[in-house]
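Letter by letter, the chains look like this.
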Amino acid sequence: MTTSSLRLRAGVVSIVLLAAFLGIWHLATRSTGTTAAMSPEYAKLMGLTATQGKSAMPGPVDVGAQLWEHLKRPFYDNGPNDKGLGIQLGYSIARVGTGYLLAVLVAIPLGFLIGMSPLLSKALDPFIQVLKPISPLAWMPLALYTIKDSSISAIFVIFICSIWPMLLNTVFGVAGVRKEWINVARTLEVGTFRRAFTVILPAAAPTILTGMRISIGIAWLVIVAAEMLVGGTGIGYFVWNEWNNLSITNVIIAILLIGIIGMLLDQILARFTRMVTFPE
Amino acid sequence: MSTFDNPFDPDRNLRAGCACGQHGSAAEHDQASLALRCEPTESEERRYEGVVASAVMRAMFPQDVARRAFLKSVGASTALAALSQFFPLKTATEVFAQAGTPEKKDLKVGFIPITCATPIIMAAPLGFYAKHGLNVDVVKTAGWAVIRDKTINKEYDAAHMLAPMPIAISLGLGANAIPFAVPAIENINGQGIVLATKHKDKRDPKDWKGMKFAIPFDYSMHNYLLRYYLAEHGLDPDTDVQLRSVPPPEMVANLRADNIDGFLAPDNVCQRAIYDGVGFMHLLSKEIWDGHPCCSFAASREFITTAPNSFAALTRAIVDATAYASKAENRKQIAEAIAPANYINAPVTVLEQVLTGTYADGLGGVKTDAKRVDFDPFPWQSFAVWMLTQMKRWGQIKGDVDYKAVAEQVYLATDTKKLMTEMGLTPPAGSYKSFAVMGKTFDPAKPEDYVASFKIRKAS
């Protein structure tokens, strides 16, 4: 079997699965339930669920139509509480980007230091172990209270949640560089800085990037929840606002978009990882 | 007689004979305080002109007798002409109407998307903020705790809060003590108890033992009203039922998912549950206490002292919007203005049912109650005293409370009265009034006795 035919067959199976999923979804939401008899004046005041027994869950056709509406005008701005999906996603990506880059700036140099010094590594370990498992959202009230600014708090939450995987992976990668390579460098009398950048960094890069890839995934998971909590702008706020209106259709659309953007972010870092990977 | 009557009327007594200075006699004053509602008189400009002319005449003739004699001898029109000769009434009126220029024009006001916030929200699309020289962004917020934190953090200049919240914040309950103030009540009535449709035969609260109810926040009128209602029916809200703090948007979803049996919630949430066929209206909150306050317009003391003119302009815009919203004929227009995604984000039919008071009850009937929700800005200090008695009753406040001092510090009745008078509205005379909750009269002068009179309460 060649790889291309495998890929083709996998594609076909994917499409069949998608079609089956959409079909079942359509059938499951198509049915109309029973409705009690009601006077016309009363019916006029009620929603479709109550009058026609329409399922509260939208079908794939409703979602598709609504998605098309959003895609037609992704950047509209109707005031501070109603902006197009493109703008909302932009806000979220900007927040994730800022918090994440700050985390990179802190985690990688710090991880290097810790990784190169067994003493620091042992001394800081208990702190890291305690801080790592804390749900980033648990930081939210504390951040709001001390930082006194909701958008910076959201960025802080991204920062604090994406720092740990990067830090730990950097430490692990740096500490795990083969002894032979370091010894060779030492024999050749390479200075500490040069040794760090020409030997350790390339050797640890794949592990570091794996940490970065895990972090971006977590950051994207967290931003949605953080924005739901803080509100204002972003895709998380969009979900909350539509939930407020009990518009499941828009919530499903948001879920879909969150998934797609998350996948793209992950793919970008996967590509970087491939660039620095080396065969041993 | 109001300040806005003709000051050139020789028969009118400008030195009024009542406590508040606006009425000819104490009897007239009482009469007016009964009809507390704000009735905007004629056009804004005429109103202001009257106020200014009144002040000028008073300054010229400190003796009222002399003024009357003068007017009688030369005639009102001559007096007006003479006065305008050396005093630019028109300019003075304009200056007065502008009040002080706001220190800060671009303001942020937070709100929770419920119909209680109607005046705050509608003031944006219907131009009430702009009319008072402000550029206000109304920002939708995810929940009460967030709105509290964002206002304390000064991200918002002022905000929509549940009426007891500014009191709780000022007292440091559930937050650091930060002095807050309430210049205006947003809405009165407009809440309801909604039960899941499966409970449609359990209309007697005595059968509600073990049920789970949602309320929007611990420091809310909803909490106090539901507890009051349950306790009057012999249920201890702390032991016989479960009360959960649930953000309004999650209430309908929770009711549908059977996580709760009912809720006492702000409107459009109640009507939304009915609209989606999930629950029915058991009781409007006005049947518990007709005219109860629900939400308030609040700002920190710091904002009021650093930007007094902005604050005054904001309050004027809110009072103006409230007066507009209190008129039944405007309600349909308001429902349409606040329904889009930028504001409440709800179907227009739902908002219309709430605001016009003709609504589906969820049991197949159409009911009409024009006062289902109403709007009246006056921050009665007796409301604050009542809330404090309930905080005490349910153990949110421990120890002694100086009811009057707290009420007067947080509920700015005096300032609002002055502002309303300047705007040509007729504020009520006093700051305390007695009212009845489920038939039991509340005397704001005796809060301790009131707390002690309840059999069901948390021992403190």
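Reading the values: rules and limits
Residues numbered from 1 in each chain as written. Chains lettered and ligands numbered in written order. Predicted model: local features only at pLDDT ≥ 70, side-chain atom pairs only at ≥ 80, totals over all residues. UniProt positions renumbered as here; feature names shortened; annotations may be inferred. Helix = DSSP H or I, 4+ residues; strand = E, 2+ residues; numbered from the N terminus. Buried ≥ 20, exposed ≤ 12 C-beta atoms within 10 Å, placed from the backbone. Contact = placed C-beta atoms within 7 Å. Pairing = 2+ DSSP bridges. Axes fitted to C-alpha atoms, helices over the stretch in contact; angles between N-to-C directions. Nonpolar A, V, L, I, M, F, W, Y, C, P; charged D, E, K, R; others polar. Core = buried A, V, L, I, M, F, W, Y, C linked by C-beta atoms within 7 Å.

By the naming in an unreviewed UniProt entry, chain B goes by ABC transporter substrate-binding protein and is assigned to Bradyrhizobium cytisi. Quoted verbatim from the Sequence similarities (unreviewed entry) field of the UniProt record, the comment on chain B reads "Belongs to the CmpA/NrtA family." Regarding chain B, the relevant UniProt record gives this comment under Subcellular location (unreviewed entry): "Endomembrane system".

The name that an unreviewed UniProt entry assigns to chain A is Nitrate ABC transporter permease, with the source organism given as Bradyrhizobium cytisi. Under the Sequence similarities (unreviewed entry) heading, UniProt states for chain A: "Belongs to the binding-protein-dependent transport system permease family."

> Give a detailed account of the overall build of chain B, specifying residues and quantitative values.
Along chain B, the regular secondary structure elements total 20 helices and 16 strands. The proportion of buried residues among the 460 residues of chain B is 54%. Taking the contacts inside chain B whose residues are at least 6 apart along the sequence as the reference set, 77% of them involve residues at least 24 apart.

> Explain the sheet that holds strand 6 (residues 191-196) of chain B residue by residue, including any values.
Residues and elements named next belong to chain B. Here 5 strands make up an open sheet; going across it, the order is 8-7-9-6-10 and the pairing mixed. Across the chains shown, the open sheet's two edge strands, defined by having one partner strand only, are strand 8 (242-245) and strand 10 (279-284). Within the sheet, the average angular offset between the axes of one strand and its neighbour, ignoring direction, is 25 degrees. By the bridge criterion, 5 bridges tie strand 6 to strand 9 (residues 262-266) in an arrangement that is antiparallel. Bridge pairing in strand 9 links leucine 195 to glycine 262. Sheet strands touched by helix 11 (residues 248-256): strand 6, strand 7 (212-215), strand 9 and strand 10. Its angle to strand 9, the strand with the most contacts, is close to 155 degrees.

> Give me the lowdown on the packing of helix 5 (residues 85-116) of chain A against helix 6 (residues 118-131) of chain A, citing residues and values where you can.
Residue and element names in this part refer to chain A. Interaxial distance between helix 5 and helix 6 falls to 5 Å at its minimum, and their mutual angle equals 115 degrees. Contacts between helix 5 and helix 6 involve Leu113, Ile114 and Gly115 from the former and Leu120, Ser121 and Leu124 from the latter. Its residues placed into classes, the contact of helix 5 with helix 6 shows 4 nonpolar, 2 polar and no charged.

> Explain the interface of chain A and chain B residue by residue, including any values.
Facing the 30 residues of chain A at the interface are 30 residues of chain B. Within the residue set of the side of chain A that touches chain B, elements represented by two or more residues are helix 2 (40-44), helix 3 (48-52), helix 10 (192-230) and helix 11 (235-244) of chain A. Looking at the side of chain A that touches chain B residue by residue, the class counts come to 15 nonpolar, 11 polar and 4 charged.

> If you had to explain unusual backbone geometry to someone new, which residues and values would you point to?
Here A:Leu246, not a glycine, exhibits a phi torsion of approximately 50 degrees, which is positive. In this structure, A:Leu246 sits in the loop between helix 11 and helix 12 (248-276). We classify A:Leu246 as buried; it has 23 C-beta atoms within 10 Å. A positive phi angle is found at B:Lys154, which is not glycine, with a value near 70 degrees. Since 14 C-beta atoms lie within 10 Å of it, B:Lys154 is described here as partly exposed.

> Explain the UniProt feature "transmembrane region" (unreviewed entry) in chain A to me, and be specific about the residues and the numbers.
Residue and element names in this part refer to chain A. Residues given the UniProt feature "transmembrane region" (unreviewed entry) here are residues 6-28, 100-120, 152-172, 192-211, 218-240 and 246-265. Across residues 152-172, helical content stands at 100% and strand content at 0%; the span's end C-alpha atoms are separated by 30 Å. With 90% helix and 0% strand, residues 246-265 has its two end C-alpha atoms placed 29 Å apart.

> How would you explain helix 8 (residues 144-152) of chain B if you had to name every residue and give the values?
Within helix 8 of chain B, 8 of the 9 residues are buried, leaving the element largely enclosed by the surrounding structure. Positive phi shows up at B:Lys154, right after helix 8 of chain B, with a value of about 70 degrees.

> Outline the UniProt feature "domain: ABC transmembrane type-1" (unreviewed entry) in chain A, supporting the account with residue identities and numerical values.
Cross-referencing UniProt, the feature "domain: ABC transmembrane type-1" (unreviewed entry) maps to residues 89-269 of chain A in the present numbering. Structurally, residues 89-269 of chain A is divided into 87% helix and 0% strand, and its ends, taken at the C-alpha atoms, are 19 Å apart.

> An account of the nonpolar core is needed here, citing residue identities and associated values.
Formed by 194 residues in total, the largest nonpolar core has its most connected members in A:Val157 and A:Ile158. Excluding its chain neighbours within four sequence positions, the residues that come into contact with A:Val157 are A:Pro136, A:Trp139, A:Met140, A:Ala143, A:Val222 and A:Ala226.

> An account of the pairing of strand 11 (residues 295-300) of chain B is requested, with residue identities and associated values reported.
Residue and element names in this part refer to chain B. Among the 6 residues that make up strand 11, 6 are buried, leaving the element largely enclosed by the rest of the structure. Here strand 11 shows a buried face lined by Cys295, Phe297 and Ala299 and a second buried face lined by Ser296, Ala298 and Ser300. Taken together, the 5 bridges between strand 3 (residues 158-162) and strand 11 define a ladder with antiparallel strand orientation. Counted as the bridge partner of alanine 159 is alanine 298 from strand 11. Of the pairings in the sheet, the one linking strand 4 (residues 180-185) to strand 11 comprises 4 bridges and is antiparallel in character. Its bridge partner being in strand 11, isoleucine 185 is matched across the sheet by serine 296.

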